[in-house]
Amino acid sequence: MLVDLDYFFAQCEEMRNSSIKDKSVVVCVYSGRSEESGAVSTANYIAREYGVKSGIPIYSAKKKLEDKDAVFLPVDHKFYSEISKKIMTILRSYADRFQQAGIDEAYLDVSQKVKGNFEEAKELAQKIKKEIKAQQKLTCSIGIGPNKLIAKIAADVQKPDGLTIVKPEEVESFLSPLPVKRLIGVGRKTVKKMENLEIKTIGDLAKYDMQKLITLFGKSMGAYFHNAAMGIDDNLVQERGEAESISRIHTLHENTRDLKVILEEADHLCEEVHERLVKQSLSFKTIGIIMITTDLNMRTRSKTLKSPTNDLESLKKTVKELFEKIINETELEARRVGVKVSNFVKGKRRQKQITDFIGIAKN
DNA sequence: GTATGCTTTCGGC
DNA sequence: TTACGGCCGAAAGCATAC
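Residues numbered from 1 in each chain as written. Chains lettered and ligands numbered in written order. Predicted model: local features only at pLDDT ≥ 70, side-chain atom pairs only at ≥ 80, totals over all residues. Heavy atoms only, no water.

Asker: Which residues make up the packing of aromatic side chains, and what values go with them?
Answerer: Scanning the model with the defined rule gives five aromatic pairs in all. When the centroid spacing of 4.5 Å and the interplanar angle of 15° are considered together, the rings of Phe9 and Tyr80 count as stacked. With Phe9 in helix α1 (residues 8-16) and Tyr80 in helix α4 (residues 77-93), the pair connects residues that are 71 residues apart, well separated along the chain. Phe9 sits in the buried class, given a relative accessible area of 13%. The interplanar angle of 50° and the centroid separation of 5.8 Å between the aromatic rings of Tyr224 and Phe225 together place this pair among those described as tilted. (Phe/Tyr/Trp six-rings, centres within 6.5 Å; stacked < 30°, edge-to-face > 60°. Helix = DSSP H or I, 4+ residues; strand = E, 2+ residues; numbered from the N terminus. Buried < 20%, exposed > 50% of the residue type's maximum accessible area, 1.4 Å probe, protein only.)

Asker: Give a description of the sheet that holds strand β12 (residues 334-346) that names residues and reports values.
Answerer: Taken together, the four strands give an open sheet; going across it, the order is β9-β12-β10-β11, and neighbouring strands pair in antiparallel fashion. Two strands lie at the open edges of the sheet, namely β9 (245-256) and β11 (298-309), each paired on one side alone. Taking each pair of neighbouring strands and ignoring which way they run, the sheet shows an average axis angle of 15°. Strand contacts of helix α12 (residues 259-279): β9, β10 (282-293) and β12, with the helix running at about 160° to β9, the strand carrying the most contacts. Here helix α13 (residues 312-328) sits on the sheet in contact with β10, β11 and β12, set at roughly 30° to β10. (Pairing = 2+ DSSP bridges. Axes fitted to C-alpha atoms, helices over the stretch in contact; angles between N-to-C directions. Contact = heavy atoms within 4.5 Å.)

Asker: Account for the layout of surface pockets, with residues named and values stated.
Answerer: Taken as a whole, the largest pocket spans an internal volume of roughly 470 Å³. Ser31, Gly38, Ala39, Thr251 and Arg336 are the residues nearest the centre of the largest pocket, which is lined by 17 residues in total. Elements with a minimum of two residues in the lining of the largest pocket: β2 (24-30), β3 (38-43), β9 and β12. The residue makeup of the lining of the largest pocket, split by class, is eight nonpolar, six polar and three charged. Counting residues domain by domain, the lining of the largest pocket receives three or more from each of domain 1 (12-75) and domain 4 (245-362). (1 Å grid on protein atoms, 1.4 Å probe; cavity = no way out; pocket = protein on both sides within 12 Å on 5 of 7 lines; lining within 4 Å. Points joined across faces, edges and corners; volume = space filled by probe spheres on them. Nonpolar A, V, L, I, M, F, W, Y, C, P; charged D, E, K, R; others polar. Domains from an automatic or database assignment.)

Asker: Outline the sheet that holds strand β5 (residues 97-100), supporting the account with residue identities and numerical values.
Answerer: With mixed pairing, the five strands of this open sheet are ordered in space as β5-β6-β1-β7-β8. Either end of the sheet is taken by a strand with one partner, and the two such strands are β5 and β8 (163-165). Each neighbouring strand pair of the sheet contributes to a mean axis angle of 15°, computed without reference to strand direction. Bridge analysis of strand β7 (residues 140-144) against β8 gives three bridges, and the strand direction is parallel. Within β8, the position partnered with Gly143 by the bridge is Thr164. Along the sheet, helix α6 (residues 148-157) makes contact with β1 (2-5), β5, β6 (105-109), β7 and β8, crossing β7 at roughly 140°.

Rendered as structure tokens:
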């Protein structure tokens, strides 16, 4: 089953101050550039009625909620993380196997616990919903299915406070009318490509010849699409290791293409990223930078080292090289800049050959 | 040509 | 009419190996 906490950040705010819960609640990331510059992180369902949703400018949200009873709050990530942690502990206790997937959702393998009985799974889900409500005063939406793929899609069908069960014999009729984009791995380009083949729904995809899919999308993707469309997914519910990447991004006070200004900010971001790396004793092999230009487009550059490191000065040095490169490749000014590391190898020390091998074997 | 890994962009929350 | 964050993993694009 998949448990998804409803409009999580905004619901946390409602829980902290129940007097706002019959108003529009908009949780915002303020950039600090001007009084109201920034974007909406998430909004409760009352605000969504007026078209306020994740990612839109704060200014635009204010306009939509003009003369409505609305509350605008800054994100309080620390608070949400604490709530999330408590709820994840509750959820973990109900599962044979558990996998957190982001701050507000988790997969629970409960097949042993309910002996493969979907009615019992439904009762368990109701119990879980009750407990989260009692302990943390929050609602969630739960999807139950024979595998992760179905559970995830099922959880999306009814929300907030939903519960959707898809039994094995219902999988086909459940999936077949849904658009192909609901499948993980089917993005904009693939949707377009499939549309040209007259594949619009998951049902269309399931009927399509697998050999043809393999010719069109490659062996691994083709086979995956074929199986996914038939509701087949044998991915296990598994606890995740550490994060795959760590990044920091920041909006500049003013747009600029002055390298000195950019690098001053970048150095600071490097230090913050490095601090998190040290906390988790991680070394990295890949260093990336992000630049959002005046026209709000994103550009990135990255470099993969021959051997992993956790050294702050090497990080800064590579980041400097990458920014020098990227600034030479555009005429536009930077609005936001970021630093990202990935391709982790566990360990504090500077690594030599033996761990290089582990790094390769891991991939 | 296909598979694999690396780089860049996209998109959800 | 415009307006616009920060973070992550997934998808797409590309280079190289086989």
